[in-house]
Amino acid sequence: MALEFLLLLLLVGVWGITGYVGNHLKYLRGRKTRFRGWLLVTKIGVVAGMVLILLWVLDILLIGINFGWLFVMDRVAIILPLLGLPALAVLIFALPNLSRAIKAGSSLRSLIVPVHVMLVGAVLAFFLVTIDIPAIPNTEDIIMYGGALIIAVVLLWFYHGRRLRLLEHRTPRLSITIARSAVYSVLALGTALIVLIIAQKMSEFPGRMEMVHHQTADYGGGDPIPPDNMHAHHRGHDPSASDKLISVVDLKGPQSGVPDKTYVLYAETKKIQLASGETIEAWTFNGQAPGPELVADEGDLVEVQLVNKNITSGVTLHWHGVDVPNGEDGVAGMTQDAVMPGESYTYRFVIEEIGTHWYHSHQQSSIQVQKGLFGAFIIRPSNQHETKMIDTTIVAHDWMTPDGRSIPALDRDDSFLQNLVEPGLPVRLRLVNAGNLTRTFSLNGAPFKVTAIDGYELNEPGTVTDRLLRIGGGGRYDVEFIMPDTPVTLAMLTDGKPVGRVYSKDGDSAPEVLEKGEILDITQYGAPTRASFDTSTVFDRTFTLILDQTYFGVYNGEAGQQWVINGKTFPNTPTLMVREGDLVKTTFVNRSFADHPMHLHGHHVQVISKNGLPVRGSPLVLDTVNIEPGETLEVAFLANNPGLWMDHCHNLDHAQKGMTMHVAYENVYTPFAIGSETGNHPE
């Protein structure tokens, strides 16, 4: 909606100038020549302003036609009246007075007031689009902004009436008029600065706060859940509350029994070197970045001990894409406290899925994941047969150099790595995007199949040769091909030179990169088969989530661009309330200019439709759903894993700026908290 931003900015400018010129007319009533000149300028401004309003209406109309009602509903319900009603007043009262010679003070007031009210409406509209996006219209916003416009009408009418009566007896000198305008401008700027400082201070998080708030509960049209049963009791179990309350501490994996797989991960700082020789100040697991690849089998009881050697801010382990019990989820301030230097923490859970997953810290995750605290987690099916196959995991990431440069790489290879592969062998490439940005991959030199996405195997995936693969932050694709006699090039396309792998029988071949092609539409790929949900499913709860951005705002004491859900940043984003056994549908609408890979912890969701069209390929079950600008995706899940779960954008910079919400089950609470006093900063 860049055009809308530009149009509203121009509206404020044009009506601001027109308001100033129109206001000056009351000082020129006795000077016919100058009066007519300023009147002409006012006419031009009014016409230009009305044209801009018409263009804005056409822009919103086109957006609604092309993308749907959810993209424009707040504009129609709130912003359109703020512009339309003052514009109507200008047409009814101001334009007739512009068409005749104005002498009477009352007639002049009928010109100036509508123009100034129009300016107020334009400013309010611009404020809504740039700072306080309503997203989903509500009565409170309509009353607040409509009330502000009405108050402006009343105040301007009485102010200009009084001012015109005073001017009938004495017209001030030009210098006094200029000085008064300067004082008003300074007062306006000073007030804006004071408001900004106060807003920054008020936005700062307290030293200790809850992650889940009953004030933001959204029941999705289902039965309300009593607030007492969803409140986070940070001081432990409230004896006056229901005996049904369950702490996240009790929602753990088996705490006894001999584990099938045991790992120890040491978190520590260490310098690493990329393939190009670039040195990176990294945070590592076991001295590695990415961390060691963990491999387990379906049904295994896995035990992982996390030991923090020297990460001063603390660290946790989150099992991205693995539906562990809530108490094992590794979210600082929600399911545990961050593990501080010298401390350790043990995770135990039984694996009930297969495929390509990964793990990473969920403490200051926008910083810690970027610095290297992540690794692959591969889960093999229990019925897997031993076959001769090249099976390799490739993790995409952006490494930050000490001088602030971002270097895209696969693992630590920021160029092309040569691989020796015997022709005729099947090859599986497990592509993991551990970065924030959506990454585009190409495979050139052999037909291939995408056999799994986010660890979920696709039904009858077709063979393709010229498709590009787009993987959102946190997502995974499994790609398989049969090695031919000629080289095969896997490339991650970047703004600069691509990076990747070259597979050949001699282990030394020049990369041949496919840089252009059609993006594989995963909602139309593979063969349909029976799925858990479809467009005819009756759901217990239905949520609508508008993903958007503000051009300016304040968040936790910092000013800048904000990423919002339903017009709010955490902790004011919706809390999606569910009961165990609920069938839940969520509609994601991306009205921003960036991709948002939305990741729900503890669950997998099935994509039902994209932009209103049902999924026609293989059932698509994901844990990270990438919604691109202008897209609307409907997803569904079964609420079958009780707990308090994060649901956030896995562009972790967006999550750090407030694009985080939660799914909360009835009767579950947490004894943990976030904030500077707790040391927990999950983002």
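Quantities reported herein were computed from a predicted structural model and do not represent experimental measurements.

*Asks:* How should the overall build of the chain be read in this particular structure?
*Replies:* Per the secondary structure count, the chain includes 8 helices and 35 strands. In terms of overall dimensions, the chain has C-alpha extents of about 100 × 65 × 55 Å along its principal axes. Buried residues in the chain amount to 54% of all 683 residues. A separation threshold of at least 6 residues defines the contact pool for the chain, and within that pool the share at least 24 residues apart is 78%.

*Asks:* Would you explain the nonpolar core in this entry?
*Replies:* One recurring pattern in soluble globular proteins: nonpolar side chains tend to sit buried together. Counting residues in hydrophobic clusters, the biggest one holds 76 residues, and the most contacted among them are Leu 429, Phe 441, Val 450, Phe 481 and Tyr 503. Once you skip the residues sitting within four places of it in the chain, Phe 441 turns out to touch Ala 396, Leu 410, Leu 431, Leu 468, Leu 469, Ile 471, Leu 490, Ala 491 and Met 492. In this structure, Ile 60, Met 73, Ala 94 and Leu 164 belong to the second largest nonpolar core, which totals 46 residues.

*Asks:* Got a minute to help me understand the side chain of Thr 587 in this structure?
*Replies:* Within the secondary structure, Thr 587 sits in strand 26 (residues 583-590). In contact with Thr 587, other than residues within four places in its own chain, are Leu 70, Phe 543, Thr 544, Leu 545, Thr 632, Leu 633 and Glu 634.

*Asks:* Mind showing me how you'd approach the sheet that holds strand 8 (residues 344-350) here?
*Replies:* Reading across from one edge, 4-3-6-8 is the order of the 4 strands in this open sheet, with mixed pairing throughout. Only two strands of the sheet have a single partner each, and these edge strands are strand 4 (279-285) and strand 8. Sheet twist, expressed as the average angle between the axes of neighbouring strands with direction ignored, equals 20 degrees. Here strand 3 (residues 261-273) runs beside strand 4; their pairing, made up of 7 bridges, is antiparallel. Paired with Glu 268 across the two strands is Thr 284, which belongs to strand 4.

*Asks:* Would you explain the sheet that holds strand 10 (residues 374-380) in this entry?
*Replies:* Within the open sheet, the 4 strands sit side by side as 5-10-9-7. Their pairing is mixed. Both outer strands of the open sheet, strand 5 (294-297) and strand 7 (318-320), are each paired with one neighbouring strand and no more. Strand-to-strand twist across the sheet, computed as the mean angle between neighbouring axes with direction ignored, equals 25 degrees. Looking at chain direction, strand 7 and strand 9 (residues 355-360) are connected through 3 bridges and run antiparallel. Bridging from a neighbouring strand, His 320 pairs with Trp 358 of strand 9.

*Asks:* Could you clarify how one ought to interpret a nonpolar patch on the surface in this entry?
*Replies:* A cluster of nonpolar residues, Val 47, Val 51, Leu 54, Leu 55, Leu 58, Leu 61, Leu 62 and Ile 65, forms a patch on the protein surface that exposes about 750 Å² of accessible area. The topology assignment puts Val 51 in helix 2 (residues 32-67). The partly exposed category is assigned to Val 51, whose relative accessible area is 44%.

*Asks:* Is there a simple way to think about the pairing of strand 18 (residues 467-471) in this case?
*Replies:* Consecutive side chains along a regular strand alternate between the two faces of the sheet. Pairing of strand 15 (residues 439-444) with strand 18 involves 3 bridges; the strand directions are antiparallel. Each bridged residue has a counterpart across the sheet, and for Arg 439 the counterpart in strand 18 is Ile 471. As judged from the 2 bridges shared by strand 18 and strand 22 (residues 518-519), these two strands associate in the parallel manner. Following the sheet pairing, Arg 467 is matched in strand 22 by Glu 518.

*Asks:* Before we go on, may I ask you to explain helix 5 (residues 139-167) in this structure?
*Replies:* Residues spaced three or four apart along an α-helix face the same direction, because each turn holds 3.6 residues. For helix 5, spanning 29 residues, the distance from its first C-alpha to its last is 42 Å, which sits close to the expected 42 Å at 1.5 Å a residue. Along helix 5, the residues classified as buried are Asp 141, Tyr 145, Leu 149, Ala 152, Leu 156, His 160, Gly 161, Arg 163, Leu 164 and Leu 167. Its side-chain oxygen at 3.1 Å from the backbone nitrogen of Glu 140, Asn 138 defines the N-terminal cap of helix 5.

*Asks:* Quick question: what am I supposed to make of the environment of Phe 71 here?
*Replies:* Among the secondary structure elements, Phe 71 is positioned in the loop between helix 2 and helix 3 (73-98). You can call Phe 71 buried: its relative accessible area is 4%. A sequence separation of 475 residues divides Phe 71 from Ile 546, and the C-alpha atoms of the two residues are 8.4 Å apart.

*Asks:* Mind showing me how you'd approach the pattern of salt bridges here?
*Replies:* Under the criterion given, the structure shown has 34 salt bridges. The salt bridge partner of Arg 428 is Asp 391, with a shortest N-O separation of 2.6 Å. Taken together, the residues span a long stretch of sequence, with Arg 428 in strand 14 (residues 426-433) and Asp 391 in strand 11 (residues 390-400) at a distance of 37 residues. Taken together, the salt bridges that share partners define one network made up of Glu 4, Asp 74, Arg 75, Asp 548 and Arg 591.

*Asks:* Any chance you could explain the pairing of strand 34 (residues 660-665) here in plain terms?
*Replies:* Counting buried positions along strand 34 yields 6 of 6 residues, so the element is predominantly enclosed. Burial of the side chains of strand 34 extends over both faces: Thr 660, His 662 and Ala 664 are buried on one face and Met 661, Val 663 and Tyr 665 on the other. The pairing of strand 33 (residues 644-649) with strand 34 spans 5 bridges and is antiparallel. Across the sheet, residue Leu 644 finds its bridge partner in strand 34, namely Ala 664.

*Asks:* Would you mind going over the packing of helix 3 against helix 5 with me for this structure?
*Replies:* Any two packed helices are characterised by the angle at which their axes cross and by the distance between the axes. With their axes 10 Å apart at the nearest point, helix 3 and helix 5 run at an angle of 20 degrees to one another. One finds that helix 3 runs roughly parallel with respect to helix 5. The way helix 3 lies across helix 5 gives a crossing that is right-handed. Residue-level inspection shows Ala 77, Ile 78, Pro 81, Leu 82 and Pro 86 of helix 3 in contact with helix 5, the latter providing Asp 141, Ile 142, Tyr 145 and Leu 149. For the contact of helix 3 with helix 5, the residue count by class is 8 nonpolar, no polar and 1 charged.

*Asks:* Could you clarify how one ought to interpret the packing of aromatic side chains in this entry?
*Replies:* Given two aromatic rings, their pairing is described by the distance between the two centres and the angle made by the two planes. According to the stated counting rule, one finds 16 aromatic pairs in the structure shown. Ring centres of Trp 358 and Phe 374 lie 6.3 Å apart, and the angle between their planes is 80 degrees; this geometry places the pair in the edge-to-face category. Highlighted residues: Trp 358 in strand 9 and Phe 374 in strand 10, separated in sequence by 16 residues. The pair Trp 358 / Phe 374 is uniform in exposure class, with both members buried. Aromatic rings pair up to connect Phe 285, Trp 319, Tyr 345, Tyr 347, Phe 349, Tyr 359 and Phe 377 into one cluster. Against the face of Tyr 266 rests Lys 309, its NZ or CZ located 5.2 Å from the ring centre.

Definitions and limits used
Residues numbered from 1 in each chain as written. Predicted model: local features only at pLDDT ≥ 70, side-chain atom pairs only at ≥ 80, totals over all residues. Heavy atoms only, no water. Helix = DSSP H or I, 4+ residues; strand = E, 2+ residues; numbered from the N terminus. Buried < 20%, exposed > 50% of the residue type's maximum accessible area, 1.4 Å probe, protein only. Contact = heavy atoms within 4.5 Å. Core = buried A, V, L, I, M, F, W, Y, C linked by side-chain atoms within 4.5 Å. Pairing = 2+ DSSP bridges. Axes fitted to C-alpha atoms, helices over the stretch in contact; angles between N-to-C directions. Patch = residues over 30% accessible without salt bridge, like charges linked within 9 Å, V, L, I, M, F, W, Y side chains within 5 Å. Areas by Shrake-Rupley, 256 points an atom, 1.4 Å probe, with all protein chains shown as cover. Salt bridge = Lys/Arg side-chain N within 4 Å of Asp/Glu carboxyl O. Expected span 1.5 Å × (residues − 1). Polar contact = N/O pair within 3.5 Å; in protein donor to acceptor, adjacent residues only side chain to side chain. Parallel < 35°, antiparallel > 145°, perpendicular 65-115°, else oblique. Left-handed = near helix turned anticlockwise from the far one by under 90°. Nonpolar A, V, L, I, M, F, W, Y, C, P; charged D, E, K, R; others polar. Phe/Tyr/Trp six-rings, centres within 6.5 Å; stacked < 30°, edge-to-face > 60°. Lys NZ or Arg CZ within 6 Å of the ring centre and 35° of its normal.

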